[in-house]
Amino acid sequence: MYQFFNGFIYGMVMGMKTKIKVITMLTVLLSCMSTNAQVSVNGIEVFSKLTKNEVFEIFGQPDEYEIQDSGDNGVDERYYYGENMLHFNENFLYEVTICDNRFIVKLYGLERNIAIGDNISALEPLIVEKMTWYEKNWYSICYPDLDEQVTFEIIDGIITCICFSTTSSLL
């Protein structure tokens with residue numbers, strides 16, 4: 001399976017040279033957004049509702065904190081921990097960007113947690129609908145049946161960043 005991923009990624013990177021293909025990949029990327037993701041960070045699933053104090057208790061004091069009331073779209077809160085970011089909308093975990101190893105990520109379909117620095121082979125057990133390349137070193141995984149997406153930055157076969165975001169109307 002590892003050889004499949006390496007060959008697949010190499011083929012995607014080498015074959016994605018025209019603007020039409022890039023636009024197609026962006027379309028796939030956007031079509032894979034989900035409202036019921038099976039992603040968790042340090043055991044907290046996305047779409048979990050947490051107060052500011054609960055975020056501090058679970059994840060610790062952030063290096064930076066931003067709050068913005070966007071009117072009709074609710075209150076956005078962003079907690080920055082080094083290169084990592086947790087974004088809450090109306091107290092619901094809405095978006096995560098994990099780019100160092102102080103957080104661990106659990107993905108639907110994996111028996112183990114994923115951490116920054118893991119080899120791409122850690123993703124082998126995933127049953128994915130599509131794995132697409134959309135920018136240098138960035139790949140998007142779309143799950144079948146759940147219609148959800150997680151993106152990874154992979155450099156030299158090593159996971160260097162994991163991102164999840166949603167445009168869910170449930171929030």
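Placed above this text is the structure.
Q: What should I look at first to understand the overall build of the protein in this one?
A: Counting its regular elements, the protein contains three helices and 11 strands. Each helix and strand of the protein, ordered N terminal to C terminal, gives the series α-α-β-β-α-β-β-β-β-β-β-β-β-β. Counting all 171 residues of the protein, 44% fall into the buried class. A separation threshold of at least 6 residues defines the contact pool for the protein, and within that pool the share at least 24 residues apart is 45%.

Q: Help me understand the state of the cysteines, please; the structure alone is not making it clear to me.
A: Cysteine pairs can be linked by a disulfide, which is a covalent bond between their two sulfur atoms. In this structure the tally under the stated criterion is one disulfide. Here C163 is not disulfide-linked; the sulfur of C161 is the nearest cysteine sulfur, at 4.1 Å.

Q: What should I look at first to understand the packing of aromatic side chains in this one?
A: Where two aromatic rings form a pair, the distance of their centres and the angle of their planes describe that pair. For the structure shown, the criterion picks out six aromatic pairs. Each member of the aromatic cluster is reached from another via a ring pair, and the members are F56, Y65, Y79 and F88.

Q: I would appreciate a short explanation of the sheet that holds strand 7 (residues 105-107) in the present structure.
A: Strands in a sheet are paired, the pairing made by backbone hydrogen bonds, and the direction either parallel or antiparallel. Strand order across the open sheet formed by three strands is 2-1-7, with antiparallel pairing between neighbours. Looking at strand neighbours, the two that pair on one side only are strand 2 (44-45) and strand 7, the edges of this open sheet. Bridge analysis of strand 1 (residues 39-41) against strand 2 gives two bridges, and the strand direction is antiparallel. Paired with S40 across the bridge in strand 2 is E45.

Conventions used here
- Residues numbered from 1 in each chain as written.
- Predicted model: local features only at pLDDT ≥ 70, side-chain atom pairs only at ≥ 80, totals over all residues.
- Heavy atoms only, no water.
- Helix = DSSP H or I, 4+ residues; strand = E, 2+ residues; numbered from the N terminus.
- Buried < 20%, exposed > 50% of the residue type's maximum accessible area, 1.4 Å probe, protein only.
- Contact = heavy atoms within 4.5 Å.
- Disulfide = S-S within 2.5 Å.
- Phe/Tyr/Trp six-rings, centres within 6.5 Å; stacked < 30°, edge-to-face > 60°.
- Pairing = 2+ DSSP bridges.

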